[in-house]
Amino acid sequence: MTTAKNLYLTKIQLKAELERCLNCPTKPCMNACPVNCSPQEFISHAKKGEYDEAVKTITRNNPMGQTCGLICPDKFCMKACTRSHIDFSVNIPKVQATILENFRKTTEDYQNTHANGHKIAIIGAGPAGMAAASTLGKQGYQVTVYEASEEIGGALNLIPDERLPHAVIEKDWSFIYNPDYIKLELNAKVANPEELLTQGFDGVIVSTGEPNCTALNIIGEDNSISYMKYLHNPEIYKTTGKVAIIGGGNVAADCALTAAANGSEHVEMFVRRRLSDMRISKHEYLELINRQVNITALTSPERFEKKDGKISLFVHKNHFEEGKLQALPNSTIELPGFDLVIKAVGSKADPKIDNPRIIYAGDCKTGGSTIVEALSSGKTAAELMMHELACAAE
């Protein structure tokens, strides 16, 4: 297992990455960032040894900068990095995470904040909810965050500790939190958001993610478990035998890497489409290969059967015909001997309520997304809420 210290750059590595930045005046990295964080700016400060200013620059637009730095994919700032056209991109996310890990000393600046008398409820303490709380709190709103589970983080808690220790999420929350403006209620499930509007709240932001796993709707599906069950407590399902993961996204990759790290002798991902269609980063793909995870593409399950205490997968091959993915006729085969089958093909949000004082943010609004996109959605929801309340007051 990777230890936390390997998640960050050493002093020498940090210096080397800082020096590789070309200080582009057009700031392509910032323009590619969903929360408009400015790597060119915070790297420029860090080069001069102005780490306090670098921290302020990161957290100005990103309330979860350290978490983001550890798990943000390479398709945003790194893809836009001018250096990628010369040799390879500056590892901006890791630079960001390292700066915050080593040099962040303060909390969010509420010095110029004054209470405005409005109360907002936020349902869900994942990235979107945290971003909304930070945005509203700094503008003087009294915010109460309701979290159904016993800890903050939402879907971030499904990410293995070797990639994202929960303590990092807590560090980011500690930066955001201010008891004068933000209150957190854990183990507080809200069944009906509209009820909060009768309890003195002026508006509600719902950021509950997608808590309902997508079903495969195949025979024998009860012989499998959902990725949520598995990743919430992988030790319960630990096995040295064969593990199958149905799916090819980030969550499926997390399941595969967790199973491999837990000692499974054979981990295999079954991906409906092509390898090139997998929505994972290059780093994740290489990590799967390094962990000897087998990736079987253009393959879909038809049914699962329990045989002699093991699970047999009956799968068929897929192919593209006139640009459409279709099952290949007469291609069904049996793959026997699996000890565990994990479904990781997506999830769905709860039904939405049509009420102008209830605003949705994060995955429950946009579908599955990255952490930085969820943060952006949370900030946008907070700004929309402030606009709605301002218009109502006129």
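Our subject is the structure that appears above.
Treat the numbers as computed from the prediction; the structure is a model and nothing was measured.

Asker: So what's going on with the sheet that holds strand β3 (residues 182-185)? Which residues, and what values?
Answerer: Taken in spatial order, the 5 strands of this open sheet run β3-β2-β1-β4-β15, and their pairing is parallel. Every other strand in the sheet has two partners, leaving β3 and β15 (358-360) as the edge strands with one partner each. When the angles between neighbouring strand axes are averaged without regard to direction, this sheet yields 20°. Judged from the 3 bridges that link them, strand β4 (residues 203-206) and β15 form a sheet pairing that is parallel. From the neighbouring strand, V206 faces β15, where its bridge partner is Y360.

Asker: With reference to specific residues and values, describe the pairing of strand β10 (residues 299-307).
Answerer: By the bridge criterion, 8 bridges tie β10 to strand β11 (residues 310-321) in an arrangement that is antiparallel. Each bridged residue has a counterpart across the sheet, and for F304 the counterpart in β11 is L313. Hairpin geometry of β10 and β11 is characterised by an intervening segment of 2 residues between the two adjacent antiparallel strands and by a positive phi of about 55° at D308.

Asker: Describe in detail unusual backbone geometry, supporting the description with residues and values.
Answerer: The phi angle at N36 is positive, at roughly 65°, despite the residue not being glycine. Along the polypeptide, N36 turns up in the loop between α2 (28-32) and α3 (39-47). Positioned with a positive phi, N187 is a non-glycine residue whose angle comes to about 50°. Relative to the assigned elements, N187 resides in the loop between β3 and α10 (193-196).

Asker: Outline the nonpolar core, supporting the account with residue identities and numerical values.
Answerer: Membership of the largest hydrophobic core comes to 67 residues, with the highest contact counts inside it found for F42, I99, L136, I182 and I205. Looking at which element gives the most residues to this core, the answer is helix α15 (residues 371-393), with 8 residues. Leave out the neighbours within four places in its chain, and I205 touches A121, I122, I123, A132, L136, I359, A361, A381, A382 and M385. Y230, A259, V271 and L288 belong to the second largest nonpolar core, which has 26 residues in total.

Asker: Which residues make up the packing of aromatic side chains, and what values do they have?
Answerer: Under the defined criterion, the tally for this structure stands at 6 aromatic pairs. With a centroid separation of 6.2 Å and 80° between ring planes, the pair formed by Y146 and F201 is classed as edge-to-face. Of this pair, Y146 sits in strand β2 (residues 142-146) while F201 sits in the loop between α10 and β4, and the two are 55 residues apart along the sequence. Note on F270 and F338: the rings are 6.3 Å apart at their centroids and 70° apart in plane angle, and the pair reads as edge-to-face. Of this pair, F270 sits in strand β8 (residues 266-270) while F338 is found in strand β13 (residues 333-343), placing the two residues 68 residues apart along the sequence. Lying over the aromatic face of F338, K242 brings its terminal NZ or CZ to 4.4 Å of the ring centre.

Asker: Run through helix α9 (residues 166-176), naming residues and quoting values.
Answerer: Restricting attention to buried positions, one finds in α9 the residues H166, V168, I169, D172, W173, F175 and I176. Among the structural elements, α4 (51-61), α5 (65-71), α8 (127-138), β2 and β3 are those in contact with the buried residues of α9.

Asker: Talk me through the packing of α3 against helix α7 (residues 92-103); I want residue IDs and the actual numbers.
Answerer: Contact geometry for α3 and α7: axes closest at 11 Å, N-to-C directions at 50°. In terms of their interaxial angle, α3 and α7 are classed as oblique. In the crossing of α3 with α7, the sense of the turn from one axis to the other is left-handed. Of α7, the residues touching α3 (which contributes P39, F42, I43 and A46) are I92, V95, Q96 and I99. Across the contact of α3 with α7, the residue classes tally to 7 nonpolar, 1 polar and no charged.

Asker: Tell me what's going on with the pairing of β4, and back it up with residues and numbers.
Answerer: With burial as the criterion, each face of β4 is covered, one bearing G203 and I205 and the other bearing V204 and V206. Across 4 bridges, the pairing between strand β1 (residues 119-123) and β4 is parallel. Opposite A121, over in β4, you have V204 as the bridge partner.

Asker: If you had to explain the pattern of salt bridges to someone new, which residues and values would you point to?
Answerer: With the rule as written, the count across this model stands at 20 salt bridges. Ionic pairing is found between K56 and E53, a salt bridge with its closest N-O pair at 3.5 Å. Taken together, the residues K56 and E53, both in helix α4 and 3 residues apart, mark about one turn of the helix. By relative accessible area, K56 is classed as exposed at 52%.

Asker: Please provide a residue-by-residue account of a nonpolar patch on the surface, values included.
Answerer: A contiguous nonpolar surface patch, about 340 Å² in accessible area, is contributed by L275, Y285, L286 and I289. Following the sequence through the fold, I289 ends up in helix α13 (residues 282-290). By relative accessible area, which is 43% here, I289 ends up partly exposed.

Analysis parameters
- Residues numbered from 1 in each chain as written.
- Predicted model: local features only at pLDDT ≥ 70, side-chain atom pairs only at ≥ 80, totals over all residues.
- Heavy atoms only, no water.
- Pairing = 2+ DSSP bridges.
- Helix = DSSP H or I, 4+ residues; strand = E, 2+ residues; numbered from the N terminus.
- Axes fitted to C-alpha atoms, helices over the stretch in contact; angles between N-to-C directions.
- Core = buried A, V, L, I, M, F, W, Y, C linked by side-chain atoms within 4.5 Å.
- Buried < 20%, exposed > 50% of the residue type's maximum accessible area, 1.4 Å probe, protein only.
- Contact = heavy atoms within 4.5 Å.
- Phe/Tyr/Trp six-rings, centres within 6.5 Å; stacked < 30°, edge-to-face > 60°.
- Lys NZ or Arg CZ within 6 Å of the ring centre and 35° of its normal.
- Parallel < 35°, antiparallel > 145°, perpendicular 65-115°, else oblique.
- Left-handed = near helix turned anticlockwise from the far one by under 90°.
- Nonpolar A, V, L, I, M, F, W, Y, C, P; charged D, E, K, R; others polar.
- Salt bridge = Lys/Arg side-chain N within 4 Å of Asp/Glu carboxyl O.
- Patch = residues over 30% accessible without salt bridge, like charges linked within 9 Å, V, L, I, M, F, W, Y side chains within 5 Å.
- Areas by Shrake-Rupley, 256 points an atom, 1.4 Å probe, with all protein chains shown as cover.

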